[in-house]
Amino acid sequence: MRICRFDDNRVGVVEGDEIVDVSAILDRLPPVKWPYPRGDAFIANLPDLMPEMRKIAADGRRLKLAEVKLLSPVAQPGKIVAAPVNYKLHLEEARADQGIHFGSHVKTIEECGVFLKATSSMIGPADPVVSDRSDRRTDHEIELCFVIGKKARHVREDNALDYVAGFMIGLDMTIRGPEERSYRKSRDTFTVFGPWLVTADEFGDPSAVDFELKIAGQTRQKANTRDLIFDCRKLIAYASEAYTLEPGDVFMTGTPEGVAPVEPGDILNCRIDGIGEMNVAVRAA
Ligand code: MN
């Protein structure tokens, strides 16, 4: 199933170039009182909600995808776990380019582990990335992302994918410079998720997936997840050794070679096989 969030926090099932509005499903969410549980209640309840969504979708209101405003498929991630330099060729380009490494030694993911991005940096594909540091190089990073579906700690690699609710495209926008990654990559609008969540049962195996980022028809990044250094399973095992993973947590699996600056006016065309594509605009402040 392909699930999107659109317009004023409505929920849709994507079918071809149409959306079926299944927002009535939100009435099925359990009532909660403060303090609200961390994470995303919709994702946490997804296995129970999906059969009901199919029923509602059978005769629901249909809209053209092109006519709605797509939001991040996940409304309330408790945390965004991101993988640095997780493709070998990107590690090599980062070490070779002063504009990326900024004079510091680029450590491998084995050495530096994962990092967290602020959830306040998250937008959906209909919103523009705001490039507001004209004094700094601001780069695109396309990444396969996945959403945790159930609480997890100390997960083993062999059953790690059992904890994944679904997959989506992500952009890990970055200003280059000497500061910590969490600062440079957590500016407002620097985390884009979309265009929809493809549930794990439909997406299948994430270990050999083609993806590409183009600007003005020109390929900037083109790679396959088979070249990940820490694959999806290993990222879950590695992160869950330190953190409790909760429904709605998002993993950004890292970007391949080809990172390059964006300019206001650019449209980032992002495509991942098995998900689809999204076009994200870059605007000046
Ligand atoms: Mn990244």
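Thresholds, definitions, all that
Residues numbered from 1 in each chain as written. Predicted model: local features only at pLDDT ≥ 70, side-chain atom pairs only at ≥ 80, totals over all residues. Heavy atoms only, no water. Donors = N, O, S within 2.8 Å, 3.2 Å for Na, K, Ca; no water. Helix = DSSP H or I, 4+ residues; strand = E, 2+ residues; numbered from the N terminus. Buried < 20%, exposed > 50% of the residue type's maximum accessible area, 1.4 Å probe, protein only. Contact = heavy atoms within 4.5 Å. Pairing = 2+ DSSP bridges. Axes fitted to C-alpha atoms, helices over the stretch in contact; angles between N-to-C directions. Domains from an automatic or database assignment. Buried area = accessible area lost by both parts, 1.4 Å probe.

(A) Layout of the coordination of the manganese ion. Protein coordination of the manganese ion is provided by Glu141 (OE), Glu143 (OE) and Asp172 (OD), with donor distances spanning 2.0 to 2.1 Å. Here the donor residues of the manganese ion share one chain and are spaced in sequence as E-x1-E-x28-D.

(B) Inspection of unusual backbone geometry at higher detail. The residue after tryptophan 34, namely proline 35, is reached through a cis peptide bond having omega 0°. Here proline 35 shows up in the loop between β3 (18-21) and α1 (41-44). Residue glycine 194 is joined to proline 195 through a cis peptide bond whose omega torsion reads -15°. For proline 195, the position within the fold is in strand β13 (residues 191-199). At histidine 154, a residue that is not glycine, the phi angle is positive and equals roughly 50°.

(C) A look at the environment of glycine 274. For glycine 274, the location among the structural elements is in the loop between β17 (267-272) and β18 (276-284). The exposure class assigned to glycine 274 is partly exposed, which follows from its relative accessible area of 43%. Residues contacting glycine 274, with those up to four places away along its chain left out, are Arg2, Val198 and Phe203.

(D) Inspection of the sheet that holds strand β14 (residues 210-215) at higher detail. Judged by pairing direction, the sheet is mixed, and its 5 strands sit side by side in the order β8-β18-β17-β14-β15 without closing on themselves. Looking at which strands have only one partner, the edges of the open sheet turn out to be β8 (129-131) and β15 (218-224). Within this sheet the neighbouring strands show an average axis-to-axis angle of 20°, counted without direction. Pairing analysis gives 5 bridges linking β14 to β17, with the strands arranged antiparallel. Within the sheet, the bridge partner assigned to glutamate 212 lies in β17 and is arginine 271.

(E) Just the domain arrangement of the protein, in detail. Structurally, the protein comprises domain 1 (2-67) and domain 2 (80-284). Placing the centre of domain 1 and that of domain 2 at their C-alpha centroids yields a distance of 25 Å. Counting residues at the interface gives 13 residues for domain 1, matched by 16 residues for domain 2. Counting the surface lost from both domain 1 and domain 2, the interface buries some 1100 Å², and carbon and sulfur atoms represent 58% of this.

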